[in-house]
Amino acid sequence: MLRLGIVGLPNVGKSTLFNALTSAGVLAANYPFATKDPNIGRVNVPDDRLDALARIVEPQKIVPAAVEFVDIAGLVEGASKGEGLGNQFLANIRETDAIVHVVRCFDDDDILHVMGSVDPVRDREVIEFELALADLSTVEKRLDRVRRSAKTGDKEALAELPTIERAHEFLKEGKGLWEAQLDPAQLALLKPLSLMTAKPILYAANVTDAELSGEEGPHLAALRKAVENSGEQAEIVAFSAKIESELAELPAEDRKEFLASLGLESAGLDRLIKGGYHLLGLQTYFTAGEVEVRAWTIHFGDTAPQAAGVIHSDFERGFIKAETASYDDFIRLGGWKGVKERGVMRQEGKEYVVQDGDVLLFRFNV
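Below or above, wherever it landed, is the structure these notes cover. Nothing here was measured: the structure is a model prediction, and the numbers come from that model.

Focus on the packing of aromatic side chains
Given two aromatic rings, one states the distance between the centres and the angle between the planes to describe the pair.
Thinking step 1. For the coordinates displayed, the defined rule picks out six aromatic pairs.
Thinking step 2. Taking 6.3 Å as the distance between ring centres and 65° as the angle between the ring planes, the aromatic pair formed by Phe319 and Phe362 counts as edge-to-face. Residue Phe319 is located in strand β10 (residues 319–325), and its partner Phe362 is located in strand β12 (residues 359–364); the two are separated by 43 residues in the primary sequence.
Thinking step 3. What makes Phe362 buried here is its relative accessible area of 9%.
Thinking step 4. Feature note: the residues Tyr285, Trp296, Phe319 and Phe362 constitute an aromatic cluster, connected by ring pairs.
Thinking step 5. One Lys or Arg, Arg49, reaches over the ring of Tyr327 and ends 6.0 Å from the middle of that ring.
Thinking step 6. Between the NZ or CZ atom of Arg104 and the centre of the ring of Phe106, over which it lies, the distance is 4.6 Å.

Thoughts on the environment of Asp47
Thinking step 1. Its location among the elements puts Asp47 in the loop between β2 (39–44) and α2 (48–57).
Thinking step 2. Taking the relative accessible area as the measure of exposure, Asp47 reaches 18% and is therefore buried.
Thinking step 3. Sequence spacing of Asp47 and Pro64 is 17 residues, and the spatial spacing of their C-alpha atoms is 7.6 Å.
Thinking step 4. Looking at Asp47, its side chain comes within polar contact range of the side chain of Arg49, at 3.0 Å.

A look at the packing of helix α3 (residues 120–151) against helix α7 (residues 218–230)
Thinking step 1. α7 packs onto α3 with a crossing angle of 45° between their chain directions and a minimal axis gap of 8 Å. Comparing the axis directions of α3 and α7 gives the class oblique. Facing α3, whose interface residues are Pro120, Val121 and Arg124, α7 presents His219, Ala222, Leu223, Ala226, Val227 and Ser230.
Thinking step 2. Classifying every residue of the contact of α3 with α7 gives six nonpolar, two polar and one charged.

Things to note about the sheet that holds strand β5 (residues 98–104)
Thinking step 1. With respect to topology, six strands assemble into an open sheet ordered β2-β4-β1-β5-β6-β7, the strand pairing being mixed. Two strands close off the open sheet at either side, each with one partner strand: β2 and β7 (234–239). Across the sheet, the mean angle separating the axes of adjacent strands is 25° when strand polarity is ignored.
Thinking step 2. For strand β1 (residues 2–7) and β5, the ladder comprises four bridges, and the chain directions are parallel. Paired with Leu4 across the two strands is Ala98, which belongs to β5.
Thinking step 3. Running at roughly 40° to β2, helix α1 (residues 14–22) makes contact with β1, β2, β4 (66–71), β5, β6 (201–206) and β7 of the sheet.

Observations concerning α7
Thinking step 1. In this model α7 runs 18 Å from its N-terminal to its C-terminal C-alpha over 13 residues, within 8% of the 18 Å that 1.5 Å per residue would give.
Thinking step 2. Taken together, the buried positions of α7 are occupied by His219, Leu220, Leu223, Ala226 and Val227. Seen from one end, α7 has its buried residues packed into an arc of 125°, which puts them on one side. α7 presents Pro218, Lys225, Glu228 and Asn229 as exposed residues on the side facing more than 90 degrees away from its buried surface.
Thinking step 3. The inward-facing, buried residues of α7 abut β5, α3, β6, α6 (209–213) and β7.
Thinking step 4. After α7 finishes, the residue Gly231 shows a positive phi value of roughly 75°.

Rules of the game
Residues numbered from 1 in each chain as written. Predicted model: local features only at pLDDT ≥ 70, side-chain atom pairs only at ≥ 80, totals over all residues. Heavy atoms only, no water. Phe/Tyr/Trp six-rings, centres within 6.5 Å; stacked < 30°, edge-to-face > 60°. Helix = DSSP H or I, 4+ residues; strand = E, 2+ residues; numbered from the N terminus. Buried < 20%, exposed > 50% of the residue type's maximum accessible area, 1.4 Å probe, protein only. Lys NZ or Arg CZ within 6 Å of the ring centre and 35° of its normal. Polar contact = N/O pair within 3.5 Å; in protein donor to acceptor, adjacent residues only side chain to side chain. Axes fitted to C-alpha atoms, helices over the stretch in contact; angles between N-to-C directions. Parallel < 35°, antiparallel > 145°, perpendicular 65-115°, else oblique. Contact = heavy atoms within 4.5 Å. Nonpolar A, V, L, I, M, F, W, Y, C, P; charged D, E, K, R; others polar. Pairing = 2+ DSSP bridges. Expected span 1.5 Å × (residues − 1). Arc of directions from axis to C-beta.

As C-alpha cells, then:
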C-alpha cells in the first residue's frame, strides 16, 4: 500500500485536506497546533476500470487499491529543536513512501499565516530545513558508529562511510538529501535510516477556487519555479482545500456534476494519488474472479513473480506462470472465456514484466 506523510506549516490547509481525503472528521481550526496527535487515514484509489471488470465478472466484492495518509502537527521554525509540536511526530512519517508537503498559495486576511505573510518559496525552505536537521540527528548517530567500525577495517563500514559523510555534509547545512544527487546505490545504503529528505516530494499547492480552473497565480508560479530550479524529484499538484471539503460532504453521484460546474475534470484526491503514483513509478494490475475483483499496486518494471508476491510471499516463492490478458482485451472480449477463445490470453513466465492494467491469474506451487 502506498503511504504518504503530510507535512507543512500550521494553517496551510493540511488538516482540511486530510479531512476531505479521508472523511475522518479531523479537527481543522484556524490556529496553530490544532492537530496534536498524528492522524492516519486510508482512502481508496479511484479507478473506473474496477467497475468495468466487475460488470463482466460479477464478483462477490470489489477491492480497490488504497493509499494511507499520515497527517502530523504543523511544523514551525525550530521544530527540529523542539519548537511547536511537529518534531515529536516526525517519526510517524519516517516509514512513508513519499512526503506530501502542503503549501499555501493564496491570500486571505481572515486565515492567519504563522509567519505573517504568504510566501510558498520561503515556506518550502523552512520545512526542508527542519526535516534536514531532524535527519541530521539520525545521520550523526550512524556516522559515529560507521567511523568506529571503519577504523577496525570493517569492509561494510568502509563501503558505507563515503555515503554517510556526503549525507552529513548536506544535512548539516540544512539542505535536503535531494540536493545531494545521490545515485541508487547510495540511496540503498541510506534506506535503513528512513531519512525524510531522501524521500520523493509531492507538493500539494492550496490555491483559490478560481485558480484551479483559470490562470495560475503568482504564488503557485513562484513555487513551481523554485522546485524546477532545485532539481529535486518532485511533483506539484494544485488543489483547493475549500473545494475538497465541500466535495466530501456530497453524495458520490453528485460530485462529478459539482466539479463540472467549476470547470474541473477531477477532484484533488484523484490528482494527488495520480501524482504520487507517477512520482514513485507505480502502476496497477488486476485479479478478477468470482470471489473478488481487486486492484494491486506494483512498481513499473516489476516481473510477474514480484507482482504475485504483493498478494502473498508464497505466490512469488512458488511461482509457475501467470495467465495474462490486457485490460482492453479482457473488457472487449467479455472476460476470461472470451480471451481464451480468441487466443489472446497469454501464458507468461518469470521474466515477464507486468504492464499497467494487466489482468492476471497466477499459478504457483509451494
